[in-house]
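Survey of secondary and tertiary structure
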Amino acid sequence: MTAMVAAHVHGAQIMRLVLPVEYDLAAAAVADAIARCHPDVVISFGQGGDDLALEETAYNLQDTGEVAGGVPDNRGVIRAAVPIDASAPATRATRLPLDAIQPALEAIGETPQRSTDPGRYVCNNVMFADLGAIGAGRAGFIHLPYTTDFDDTVRARFGKVVETAIQAAVDAP
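Residues numbered from 1 in each chain as written. Predicted model: local features only at pLDDT ≥ 70, side-chain atom pairs only at ≥ 80, totals over all residues. Heavy atoms only, no water.

**What about helix H2 (residues 98-107)?**
Our working rule: In this scheme, a residue with accessible area under 20% of its type's maximum is buried, one over 50% is exposed, and one in between is partly exposed, where area comes from a 1.4 Å probe on protein chains only. Comment: elements are numbered from the N terminus, with helices defined as DSSP H or I runs of at least four residues and strands as E runs of at least two. By definition, the arc is the one covered by directions from the helix axis to the C-beta atoms. Every residue pair with non-hydrogen atoms within 4.5 Å of one another is taken to be in contact.
Leu98, Ile101, Gln102 and Leu105 are the residues of H2 that are buried. The buried residues of H2 occupy an angular sector of 100° when projected down its axis, which confines them to one face. For H2, exposure combined with an orientation more than 90 degrees from the buried face picks out Asp99 and Ala107. Tucked inside the fold, the buried residues of H2 contact strand S4 (53-55), strand S7 (113-115), strand S8 (138-144) and helix H4 (152-171).

What follows is the structure, given as structure tokens:
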């Protein structure tokens, strides 16, 4: 189920969607929100890997075949070499101002890495959908380090990362 929460951060109206870890439903929910709300900026966040990763490229591919048996989404769907959209290009480049976001994150003590590999799981699927739906706006994806421990310290850190990335994206020329 997708939950929406509206808030304001430094003068920018923020809509937060909590997406299901499901290929089709997550991408459809974000594309629907973009179509309804016409945002200027969309930053999707997800967890994966050990680093804070600023994703540069989304791939028109759903594929977890590198893992024996594949990796199911939360509905049990496993995808191997399935295009997201057969009529779309093979890749889509981020439209976020990463040259503004990266130093802003570094200024708060983070060490973001640039990444050209968001995987081919739900995060990549959402990024590909964001970029296809945004029109002339800015869109992209940031991976937060994977964790299962969401104590107050982790929540505060991730909250600061999100707030800083949003502010940098909104303020960038």
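**Topic: the pattern of salt bridges**
Two side chains bearing opposite charge may form a pair once their charged atoms approach each other closely. To keep things clear, this is the line we draw: Salt bridges are defined as contacts in which a side-chain nitrogen from Lys or Arg sits within 4 Å of a carboxyl oxygen from Asp or Glu.
The tally for this structure, following the rule as stated, stands at seven salt bridges. Among the salt bridges present, the one from Arg120 reaches Asp117, with a minimum N-O distance of 2.7 Å.

**Overview of the sheet that holds S8**
Note the threshold: A pair of strands counts as paired when DSSP detects no fewer than two bridges linking them. Fitted lines through C-alpha atoms serve as axes, helices being fitted only where they are in contact, and the angles separating the N-to-C directions of these axes extend from 0 to 180 degrees.
One open sheet accounts for four strands, arranged S3-S8-S4-S7; its pairing is mixed. The strands lining the two open edges of the sheet, one partner per strand, are strand S3 (41-47) and S7. Neighbour to neighbour, the strand axes of the sheet diverge by 30° on average, direction disregarded. In terms of strand pairing, S3 meets S8 through seven bridges, oriented parallel.

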